[in-house]
Amino acid sequence: MVAVLAIQAEGVTPEPTGQKKPSASSSTPGPSGEKRDKAEALPKESGAGKRVVYSLRQDRIWLVDGSGDERVKTYTVWPGSVDPSAGEHKVTGLRNATVGSDGVQVVRVVYFSGSGGTSAAFSAARDGASPEPATRKKTGAIRLGSDASKSLWGFAKLGTSVVVVR
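Calculation rules
- Residues numbered from 1 in each chain as written.
- Predicted model: local features only at pLDDT ≥ 70, side-chain atom pairs only at ≥ 80, totals over all residues.
- Heavy atoms only, no water.
- Phe/Tyr/Trp six-rings, centres within 6.5 Å; stacked < 30°, edge-to-face > 60°.
- Helix = DSSP H or I, 4+ residues; strand = E, 2+ residues; numbered from the N terminus.
- Buried < 20%, exposed > 50% of the residue type's maximum accessible area, 1.4 Å probe, protein only.
- Salt bridge = Lys/Arg side-chain N within 4 Å of Asp/Glu carboxyl O.
- Polar contact = N/O pair within 3.5 Å; in protein donor to acceptor, adjacent residues only side chain to side chain.
- Contact = heavy atoms within 4.5 Å.
- Pairing = 2+ DSSP bridges.

(A) Examining the packing of aromatic side chains more closely. Considering all chains together, one arrives at two aromatic pairs under this definition. An angle of 80° between the planes, with centres 5.8 Å apart, marks the rings of tyrosine 54 and phenylalanine 122 as edge-to-face. Placement of tyrosine 54 in strand 3 (residues 51–55) and of phenylalanine 122 in strand 8 (residues 118–125) is noted, with a sequence separation of 68 residues between them. For tyrosine 54, a relative accessible area of 1% gives the class buried. One aromatic cluster is present, formed by Tyr54, Phe112 and Phe122 through successive ring pairs.

(B) Looking closely at unusual backbone geometry. A positive phi angle, close to 55°, is found at glutamate 45, a residue other than glycine. Locating glutamate 45 in the fold gives a position in the loop between strand 2 (24–26) and strand 3. Positive phi outside glycine occurs at aspartate 59, with the angle close to 50°. Tracing the sequence through the fold places aspartate 59 in the loop between strand 3 and strand 4 (60–64).

(C) How the structure looks around the pattern of salt bridges. Summed over all chains, the structure comprises two salt bridges. Across the pair arginine 60 and glutamate 40 runs a salt bridge whose closest N-O atoms are separated by 4.0 Å. Here arginine 60, found in strand 4, pairs with glutamate 40, found in the loop between strand 2 and strand 3; they are 20 residues apart in sequence, far enough to count as distant. When its relative accessible area of 7% is taken as the criterion, arginine 60 is described as buried. As a salt-bridge pair, glutamate 88 and lysine 90 come within 3.3 Å of each other at their nearest N and O atoms.

(D) The side chain of histidine 89, seen in detail. Tracing the sequence through the fold places histidine 89 in strand 6 (residues 87–100). Among the polar contacts made by the side chain of histidine 89, one reaches the main-chain carbonyl oxygen of serine 85 at a distance of 2.6 Å.

(E) Geometry of the environment of serine 55. Tracing the backbone through its elements, the reader meets serine 55 in strand 3. Overall, the relative accessible area of 1% leaves serine 55 in the buried class. In sequence terms serine 55 and threonine 76 are 21 residues apart; their C-alpha atoms lie 9.6 Å from each other. Setting aside anything within four residues of it in sequence, one finds serine 55 in contact with Arg60, Trp62, Val165 and Arg166.

(F) Summary view of the pairing of strand 8. Among the eight residues of strand 8, seven are classified as buried, and the element is accordingly described as predominantly covered. Note: strand 8 against strand 9 (residues 141–143), three bridges, orientation parallel. Note that in strand 9 the partner of alanine 121 across the bridge is alanine 141.

Worth remembering: the numbers are spatial, not functional.
Below you can see the structure in the form of structure tokens.
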């Protein structure tokens, strides 16, 4: 079994800082009242109730609070080299900090079941940098920017649904 992240606890770490970050969108119109891009719309058939929705095609997650299926926030992400299987998964673990299988120090790690023996997890690089494509390693690590990982960390609890859609 290939593990997504090495089990090397780092303890509490400083906040990530970096220049390239995925973008975030709130569920309400922006400051000038502009409409949100249709690509940011919550995918159809993405489940019900409180959940994290991850779109493989859009490289985006939504944090859905479950009250009327209104989206709380949505963020772009950097996918790993192995996609988790489509369908409903559950958050299986939370870790404040560790070292990824690619050697990158990561924070706010939210584990969920993956695909083909590879675990999947959302995390942020400790330094806030975007990851380089993993060409030779199988990794289910899905990287987020600092703001996204903070939101996800406060939202996802053990057992929270993670719905993966194409």
